[in-house]
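Observations on the model geometry
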Amino acid sequence: MTYAYHPEITPWLEMLPSGPFADFHELRAVGEAAVRAGLPTYEPDIPISTRDITVPGPDGAPDVMVRVYAPAERDGLLPGLLFIHGGGFIMGSVEQFDATATRIAAEVGTVVISVEYRLAPEHPFPAGLEDCYAALAWTAKSASELGIDPDRLGIAGESAGGGLAAAVTLLARDRGGPALCFQYLGVPQLDDRLQTPSMRAYDDVPLWNSRATQVSWNCYLGKGRPGTTDVSGYAAPARAEDLSELPPAFISACQYDALRDEDIEYAQRLAHADVPTELVLYPGVLHGGLIPESAVGKRVLADMLAALRRGLGA
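Below is a summary of the structure that appears in this document. Residue numbers run consecutively from 1 along every chain, following the written order of its sequence. Selection of residues for local features in this predicted model requires a pLDDT of at least 70, selection of side-chain atom pairs for listing and counting requires 80 or more, and totals for whole chains, interfaces and linings are taken over all residues. Where side-chain values are given, they derive from all heavy atoms of the structure, hydrogens and water being excluded.

All right, on to the sheet that holds strand β4 (residues 111-116) then. Should DSSP find at least two bridges between two strands, the strands are taken to pair. Strands here are runs of E lasting at least two residues and helices are runs of H or I lasting at least four, both read from the DSSP assignment and numbered beginning at the N terminus. With mixed pairing, the 8 strands of this open sheet are ordered in space as β1-β2-β4-β3-β5-β6-β7-β8. Only two strands of the sheet have a single partner each, and these edge strands are β1 (48-55) and β8 (277-286). Between one strand axis and the next, the sheet turns through 20 degrees on average, direction left out of account. Here 6 bridges tie strand β3 (residues 78-84) to strand β5 (residues 148-158), and the two strands are oriented parallel to one another. In this analysis, axes come from line fits to C-alpha atoms, helices being fitted only over the stretch in contact, and the angle between any two N-to-C directions falls in the range 0 to 180 degrees.

Right, dumping it as structure tokens:
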């Protein structure tokens, strides 16, 4: 099928993985190769300190490694941000998203805690989610030591990391904390049912499509479970019935992304639940819009940084 891609991304289309993403092994191999080939580099204009810390994991589970980023020179308490990397629940790492976390720390002026959560299918739901929640609980408990203003603690994630960020936000509300002031959900993966018009249509677009999404959910929930009646809103936040009393949200969506419609619908439901919600839809681009060399990719990045500054009061 032919798509009216944004002219700024067309020079890079042939370099993007295009599937068919028939199974988990192919998806992980292709995805990790693409990440290695396209890892962004970033040199901050200010000194950023980084350290890896092992924090208590969920009950009965291994401890969790987090990487803490912070401006080396600071004056008073800073906002804090739990950052959850993308990768379809099955790939990605703190190291692969190091440049993004460093940029946020430097350009937003915040302490960033990036989580090395367990990946599916080796560790299916709720392992990764509970790792992220444990990291959030540790961050809130350690706010004073980390130099974080506890009233300005937010959460952010991209793709599957955006879905995990939405789920952790629901958990924090339902478990009575930690309190969050903001949620940034970048092209979040939210709905295991795979029935939206964009999910049914975009099975052949490069980078990430409905076939890849189906493989991803089968890995995360267990083969045969996606779309059944026993999937909770913590696994797939689009299933959550009550979205009230959640922190303000920024959600991004992309026109030629299989996840587009579930992202738009989640933003609409948050707004209907009286949650202050900002939605940005990028025309003509693929999942994430993040071809960094393109002008549209730079706009997506600038919008993310601006949203985090507003949401965290930075």
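Continuing now.
Turning to the layout of surface pockets, a few remarks are in order. Estimates place the volume of the second largest pocket at around 180 Å³. In terms of residue class, the lining of the second largest pocket is made up of 6 nonpolar, 1 polar and 4 charged. The method works on a 1 Å grid over the protein atoms by themselves. A cavity is a set of points holding a 1.4 Å probe that cannot get out, a pocket is an open set with protein on both sides within 12 Å along at least five of seven lines, and residues with an atom within 4 Å of a point line them. Grid points are joined across faces, edges and corners, and a volume is the space filled by probe spheres set on the points. All amino acids are sorted into three groups, where Ala, Val, Leu, Ile, Met, Phe, Trp, Tyr, Cys and Pro are nonpolar, Asp, Glu, Lys and Arg are charged, and the leftover types, Gly among them, are polar.

Now for the packing of helix α2 (residues 98-109) against helix α9 (residues 295-312). Look at α2 against α9: their axes get within 10 Å of each other, and the N-to-C directions meet at 55 degrees. As judged from the angle between their axes, α2 and α9 are oblique. Our pair here, α2 against α9, has a crossing hand that is right-handed. Contact residues: α2 offers T100, R103, I104, E107 and V108, while α9 offers L301, M304, L305, L308, R309 and L312. Here the contact of α2 with α9 is composed, by residue class, of 7 nonpolar, 1 polar and 3 charged. Convention used here: angles under 35 degrees read as roughly parallel, angles over 145 as roughly antiparallel, angles from 65 to 115 as roughly perpendicular, and any remaining angle as oblique. A crossing counts as left-handed when the near helix is turned anticlockwise from the far one by less than a right angle, and as right-handed when that turn is clockwise. Contacts are residue-level and defined by heavy atoms, with any inter-residue pair within 4.5 Å sufficient.

One can describe the packing of helix α3 (residues 127-141) onto helix α5 (residues 160-174) by two numbers: an axis separation of 10 Å at closest approach and a directional angle of 60 degrees. When the axis of α3 is compared with that of α5, the two are oblique. Seen from above, α3 lies across α5 with right-handed handedness. When α3 is examined against α5, the residues G128, L129, C132, Y133 and L136 are found in contact with a partner set consisting of L164, A167, V168, L171 and A172.

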